Amino acid sequence: MTLLSRLRSFLRATVRRSRTDSEMDAELRFHLNARADDLTRTGLSREEAARRARIEFGGIEAAREECREARRANMLESLLLDVRFGARMLRKNPGFTCIAILTLALGIGANTAMFSIADAVLWRSMPYPHPGQLVVAGEVSLKNPDNSWGVTYPTFRDWQSRSTTFEYLAAILYDSRILRDGPEPVRIAGAAVTYDYFEVMGVAPIIGRVISASDDTAAAPPVVVLSHRMWAERFGSDPAIVGRTIHMARSTGINFTAIGVMPAGFDNGKTDYWVPVVRIIPPNFATRRDVWVFTTVGRLRSGRTVAQAQTEIEAITAQVRHDFPEASRGLVVRADSLRDSMSKDLRPALLVLLGAVGLVLLIACANLAALISVRAAGRGRELAVRAVLGAGRARLIAQLLTESALLSFLGGALGVALAYWATRSLALLSKDPRLLHAAINLPVLLFALAATVVTSILSSIAPALHGARETLNTRTGGHRRRARLQQSLVISEVALSLVLLVGAGLLFRSLRKVLDVDPGFRADHLLTMRVSLPATYTDGVQILQFYRAVPERLQSLPGISSASLVSWLPVAEGEPTGDITIEGRPAAPGANGGASFRRTLPNYFRMMGIPLVRGREFNDRDDGAHELVVIINERMARNFWPNQNDDPIGRRIKIGPPDRSPWLTIVGVVKDVHHTGLSDPIGYSIYDPLAQGVDTGMDLAVRTGGGDPAAAISAVRAELHRLEPAVLVDRVATMDQRIADSVSPRKLNLVLFGLFSGLALVLASIGLYGVVAYSVGQRTQEFGIRMALGAQRTDVVRLVLGQGIKLALAGTAIGVAFALALARLLTQLLYGVRPADPLTIVCVALLLTVVALAATWLPARRASRIAPTDALRSE
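Residues numbered from 1 in each chain as written. Predicted model: local features only at pLDDT ≥ 70, side-chain atom pairs only at ≥ 80, totals over all residues. Heavy atoms only, no water.

(A) Structural view of the overall build of the chain. A tally of regular secondary structure across the chain gives 26 helices and 22 strands. Sorting the 875 residues of the chain into buried and exposed places 48% on the buried side. Within the chain, counting contacts between residues at least 6 apart in sequence, those at least 24 apart form 80% of the total. Put simply, the chain shows about 40700 Å² of open surface, and 59% of that area lies on carbon and sulfur atoms. (Helix = DSSP H or I, 4+ residues; strand = E, 2+ residues; numbered from the N terminus. Buried < 20%, exposed > 50% of the residue type's maximum accessible area, 1.4 Å probe, protein only. Contact = heavy atoms within 4.5 Å. Areas by Shrake-Rupley, 256 points an atom, 1.4 Å probe, with all protein chains shown as cover.)

This is the structure in structure tokens:
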């Protein structure tokens, strides 16, 4: 019979069941009557002939079953019967069912949520045509490849003109401005781009047009392309926005003409506007090869690869460095796909967390397998009776697998619901806009389905095979096999739990190390905010007068002890840097490294609690009319003047291009400050007085006398607006909040890893409890005999506890080996802690031992209370 014929037979037998059965009955009756007729002709009576025909035939019902089996008609009916019977058995044991479904829901839900986030950040296709052709390129530090310097504008032009690998190549300079259209000013984040940018991205505007080559010239009028979000929120989705004048200020006010609006979600919603790059960069940037501030993004030609692009721009850059020595800073060229570039900061943590939830799912499978095995022990007699009545091994396995599949799919459905809630919660908790795109979409649902199927197979196959072996004659051997299976599963659970607990312990110790770092200043009772003057402030003297008046006015408010201003406060996302030149020490450009620089008021160091190590602080005479002075940090002093007799005070330095920067005299040395983050290495820092060069935007720090500094926000805002009604006050936060935000990714990693490891520990303890409790139930008679022969209750308790401890120790030993191997994957997430940290491993091993004792205490106590007479009668 061909495959098509068999399929037709199966469909006819399944879909047209009643008609097929009627035809089968008619055919069977025909054959019976024909045989009876034959027997009647031999001289038998009709009744006797019919009886013998039925005997020879073997029974109508048996014949029907054989025909259905031949046509595979029983397959669907058997499945439906198995599902119905399995549902009744699960409803009959609500405790087991609830625990099993919840266990699976937690495991599948956690994996689905993490997969949803990883899919959104790492794998989901970007909203650009042919996203695989998009490449980000720049120069990075050889010592720290994750620290991108970007590229200089002339080098970008060299790449653009000489490259044959890129179809388009664009430069981006991220920008920030103050939008003064609307009821109150607001800071907006944008980008200055070369006109090729929109060609690279391949996305057309929904209204108007994008920046063209004619817009990217100094003589062209200022134009701006708006994001969909900014168009909707600030301009009410006005369809006549094209041609409207937009007032966006930075150091000076510029009116831009809106020429277009991009679609929603373009650039992940991070950018509010795009302007021609010529409107942002100073004119001399076009020739300076010592300002690495531009990001480049390009679209590869068809058939070209990222590796080919990197090789090509490396060769171009090598020629540039040969022709222009000032362009060399010991950097290396790096090209990445846009997808990898956008996710490289989250990739290590996400991959580690995906591995962690995978281990949780394995533990959940092992736990469920142990629960099913224990439950099967109570059904041993039932399974044996079914086997004696003719059920084959395959039939028993099918029934047990069907019950497990029901559990898995119920757990999977609940897990998807939990994943939806968890995904939303994680996105809000992390405050990362990339996580807001995580959703329970079709790929995520397919992953959840695959996880459910795999979970069903892993958790049920071994118990089903063991359960199917149970017969009336082999129950004792079955108990021994089941005990070994349960013990193996528990040991696996403990081992995997230890791996997760070690990871959580390492992350916890790492976070404690970060929080114990001395930031170099007093962070308590400190309120911070950004203060930006309107574009009407163009005179340096006027700007300086305003900022000098701010501390005086604020210190007169109740509850405020001091205030000061600085161009960039500590724990900031970025900071301006420049090359260092030391007088009397000739060196190639960039050979001395770079230093960050900040402008401050004279009282800044005292207000922030930054100790003066040597020399003096700034005073009112440091105003630019006299000798230009600076204060440096300890690390810079130690590096360039390491000897005690070699005093940096009075030495002169330059910061920035040597041919365009003035000499600055060092008048003081202050303690090192962690400016970019507590876990970041301390670099060189230079401070100069605000009077030597003013900015229209400054960070304000206000120290309160006590209580919550956030309570002073309203009073400080009001006083600043009395000084200047048009001043913009934003980025308001306490310093404690700024520090907490800087370590929030580490906290999130710890919280997630802690939840996963805690869940694993609970599952392992449940599994250990179930195995020991099952063992106690099987050894009731043994305990009765021991106690009848004189054993004390403490002896029985010790015996049972020892069994649990042995399983825990076996799992711990295996888990330590795996933890030592897998902890290296956490290296990028750790600070100040080695992956093979002995203290963490010892503490986790002790914790597992305590949990094992707690999990086995109840079964041990129950075993010790068994009456010898009852135990001896139990069998």
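Having seen the structure, we can now continue with the description.
(B) Summary view of empty space enclosed by the protein. Taken as a whole, this structure holds four cavities of 30 Å³ or more when the rule is applied. Quantified by volume, the second largest cavity comes out at close to 60 Å³. Every residue lining the second largest cavity is listed: Val-494, Leu-761, Ala-764, Ser-765, Leu-768, Ala-808, Leu-848, Val-851 and Ala-852. Looking at the lining of the second largest cavity, the elements that each hand over two or more residues are α22 (744-778) and α25 (838-864). (1 Å grid on protein atoms, 1.4 Å probe; cavity = no way out; pocket = protein on both sides within 12 Å on 5 of 7 lines; lining within 4 Å. Points joined across faces, edges and corners; volume = space filled by probe spheres on them.)

(C) How the structure looks around the packing of helix α17 (residues 540-554) against helix α20 (residues 713-723). Viewed as axis vectors pointing N to C, α17 and α20 meet at an angle of 140°, and their least axial separation amounts to 10 Å. Between α17 and α20, the crossing angle belongs to the class labelled oblique. α17 and α20 meet at a crossing whose hand is right-handed. Along its contact with α17, which presents Phe-546, Ala-549, Val-550, Arg-553 and Leu-554, the element α20 presents Val-716, Glu-719, Leu-720, Arg-722 and Leu-723. Here the contact of α17 with α20 is composed, by residue class, of seven nonpolar, no polar and three charged. (Axes fitted to C-alpha atoms, helices over the stretch in contact; angles between N-to-C directions. Parallel < 35°, antiparallel > 145°, perpendicular 65-115°, else oblique. Left-handed = near helix turned anticlockwise from the far one by under 90°. Nonpolar A, V, L, I, M, F, W, Y, C, P; charged D, E, K, R; others polar.)

(D) Region of interest: the side chain of Ser-661. Note that Ser-661 resides in the loop between β18 (652-655) and β19 (664-670). Under the relative-accessibility criterion, Ser-661 is labelled buried at 12%. Excluding anything up to four places from it in sequence, Ser-661 contacts Lys-654, Ile-655 and Gly-656.

(E) Highlighting unusual backbone geometry. Phi is positive for Ser-237, which is not a glycine, with a value near 55°. As for its position among the elements, Ser-237 is in the loop between α9 (228-235) and β7 (245-249). Positioned with a positive phi, His-525 is a non-glycine residue whose angle comes to about 50°. With respect to the helices and strands, His-525 occurs in the loop between α16 (475-515) and β12 (526-532). Owing to a relative accessible area of 29%, His-525 belongs among the partly exposed residues under this scheme.

(F) The arrangement of the side chain of Ser-596 in detail. Looking at the element boundaries, Ser-596 is found in strand β15 (residues 594-600). By relative accessible area, Ser-596 is classed as buried at 3%. At a separation of 3.1 Å, a polar atom in the side chain of Ser-596 contacts the side chain of Arg-598. Those residues in contact with Ser-596 that sit more than four places away from it in its chain are Glu-575, Pro-576, Thr-577, Tyr-684, Ser-685 and Ile-686. (Polar contact = N/O pair within 3.5 Å; in protein donor to acceptor, adjacent residues only side chain to side chain.)

(G) Looking closely at the nonpolar core. Membership of the largest hydrophobic core comes to 97 residues, with the highest contact counts inside it found for Met-608, Phe-753 and Phe-756. Setting aside anything within four residues of it in sequence, one finds Met-608 in contact with Phe-521, Arg-522, Leu-526, Leu-569, Pro-570, Ala-701, Arg-703 and Met-735. The next biggest cluster of nonpolar side chains, apart from the first, holds 41 residues, and it includes Ala-171, Leu-173, Val-224 and Phe-285. (Core = buried A, V, L, I, M, F, W, Y, C linked by side-chain atoms within 4.5 Å.)

(H) Spatial organisation of the layout of surface pockets. The volume enclosed by the second largest pocket comes to roughly 390 Å³. Along the wall of the second largest pocket there are 17 residues; nearest its centre are Ala-110, Trp-421, Ala-422, Leu-755 and Phe-756. For the lining of the second largest pocket, the elements supplying multiple residues, two or more each, are α6 (94-123), α14 (393-430) and α22. Each residue belonging to the lining of the second largest pocket can be placed in one class, and the counts come to 15 nonpolar, two polar and no charged.

(I) Quick peek at the pattern of salt bridges. What the rule picks out here adds up to 26 salt bridges. Salt-bridge contacts for Asp-158 lead to Arg-289; the nearest nitrogen and oxygen are separated by 3.1 Å. Here Asp-158, found in helix α7 (residues 153-162), pairs with Arg-289, found in the loop between β9 (273-276) and β10 (295-300); they are 131 residues apart in sequence, far enough to count as distant. For the pair shown, Asp-158 and Arg-289 are each scored as buried. In this structure, Arg-530 and Asp-699 form a salt bridge, with 3.0 Å as the shortest nitrogen-oxygen distance. Of the two residues, Arg-530 is situated in strand β12 and Asp-699 in strand β21 (residues 697-704); the sequence distance between them amounts to 169 residues. A relative accessible area of 11% means that Arg-530 is categorised as buried. Asp-699 gets classed as buried once you look at its relative accessible area, which sits at 7%. Residues participating in the shared-partner salt-bridge network are Asp-158, Arg-162 and Arg-289. (Salt bridge = Lys/Arg side-chain N within 4 Å of Asp/Glu carboxyl O.)

(J) Expanded view of the pairing of β9. Sheet topology places strand β4 (residues 186-193) next to β9; four bridges connect them, and they run parallel. Looking at β9, one finds that Ala-192 is bridged to Val-275. Sheet topology places strand β6 (residues 223-226) next to β9; two bridges connect them, and they run antiparallel. Its bridge partner being in β9, Val-225 is matched across the sheet by Trp-274. (Pairing = 2+ DSSP bridges.)

(K) Structural detail: the environment of Arg-35. Tracing the backbone through its elements, the reader meets Arg-35 in helix α2 (residues 17-40). In sequence terms Arg-35 and Glu-56 are 21 residues apart; their C-alpha atoms lie 9.2 Å from each other. Here Arg-35 is in contact with Ala-53 and Glu-56, once residues within four sequence places are set aside.

(L) Seen up close, the packing of aromatic side chains. Under the definition given, this model contains 17 aromatic pairs. Between Tyr-153 and Phe-156 the ring centres are 6.0 Å apart and the planes differ by 45°, which places this aromatic pair in the tilted class. One end of the pair, Tyr-153, and the other, Phe-156, are both in helix α7, three residues apart, so they sit about a helical turn from each other. By relative accessible area, Phe-156 is classed as buried at 0%. When the centroid spacing of 5.4 Å and the interplanar angle of 70° are considered together, the rings of Phe-546 and Tyr-547 count as edge-to-face. What makes Phe-546 buried here is its relative accessible area of 5%. For the cation-ring pair, Arg-289 lies above Phe-324, with the distance from its terminal atom to the ring centre recorded as 4.0 Å. The residue whose ring lies beneath Arg-530 is Trp-568, and the NZ or CZ to ring-centre distance is 5.5 Å. (Phe/Tyr/Trp six-rings, centres within 6.5 Å; stacked < 30°, edge-to-face > 60°. Lys NZ or Arg CZ within 6 Å of the ring centre and 35° of its normal.)

(M) View of a nonpolar patch on the surface. Where nonpolar side chains cluster on the molecular surface, the patch consists of Phe-409, Leu-442, Leu-446, Leu-449, Val-453, Ile-457 and Ile-461 and spans about 630 Å² of accessible area. When residues of the nonpolar patch are assigned to their parent elements, the largest contribution, six residues, is made by helix α15 (residues 442-468). You can see Val-453 is positioned in helix α15. The partly exposed category is assigned to Val-453, whose relative accessible area is 35%. (Patch = residues over 30% accessible without salt bridge, like charges linked within 9 Å, V, L, I, M, F, W, Y side chains within 5 Å.)

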